[in-house]
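What the coordinates show
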Amino acid sequence: MAKFMDVHEGFTDATQEQLAAAHEADLAIEAEEGVHFERSWLDPRSGKVFCLANGPDKEAVMRVHERAGHPTAEVYELEAEV
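Residues numbered from 1 in each chain as written. Predicted model: local features only at pLDDT ≥ 70, side-chain atom pairs only at ≥ 80, totals over all residues. Heavy atoms only, no water.

**Quick word on the overall build of the protein**
Definition in use: To qualify as a helix, a DSSP run of H or I must reach at least 4 residues; to qualify as a strand, a run of E must reach at least 2; elements of each kind are numbered from the N terminus. Values of the radius of gyration come from C-alpha atoms, whereas the globule rule sets the reference at 2.2 Å times the count of residues to the power 0.38. Working definition: with a 1.4 Å probe on protein chains only, accessible area under 20% of the residue-type maximum means buried, over 50% means exposed, and in between means partly exposed. Two residues qualify as a contact provided that any one of their heavy atoms is within 4.5 Å of a heavy atom in the partner residue.
Of the regular secondary structure elements, the protein holds two helices and four strands. Against the compact-globule benchmark of 12 Å for 82 residues, the protein has a radius of gyration of 12 Å, which places it among compact chains. In terms of its C-alpha atoms, the protein occupies a principal-axis envelope of roughly 35 × 30 × 20 Å. Out of the 82 residues in the protein, the part that is buried amounts to 38%. Restricting to contacts in the protein with at least 6 residues of sequence separation, those with at least 24 account for 67%.

In structure tokens:
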């Protein structure tokens, strides 16, 4: 499985609880697309959320986020890790 990092906009002033709720929405349906979301990070000042996931392709990651109510088109495949 490939590893992906995606970026969401529009979470300005979001709370840790709101981040957790969005992450739980992904976890509830991720298996249907063969994806697993490992972690999410929030920068409430910039309104950005970053998600780390494993899955078959970036389209599967995008479908989970779309279905969970927080779509993004900014998904990057992470091909090298140290």
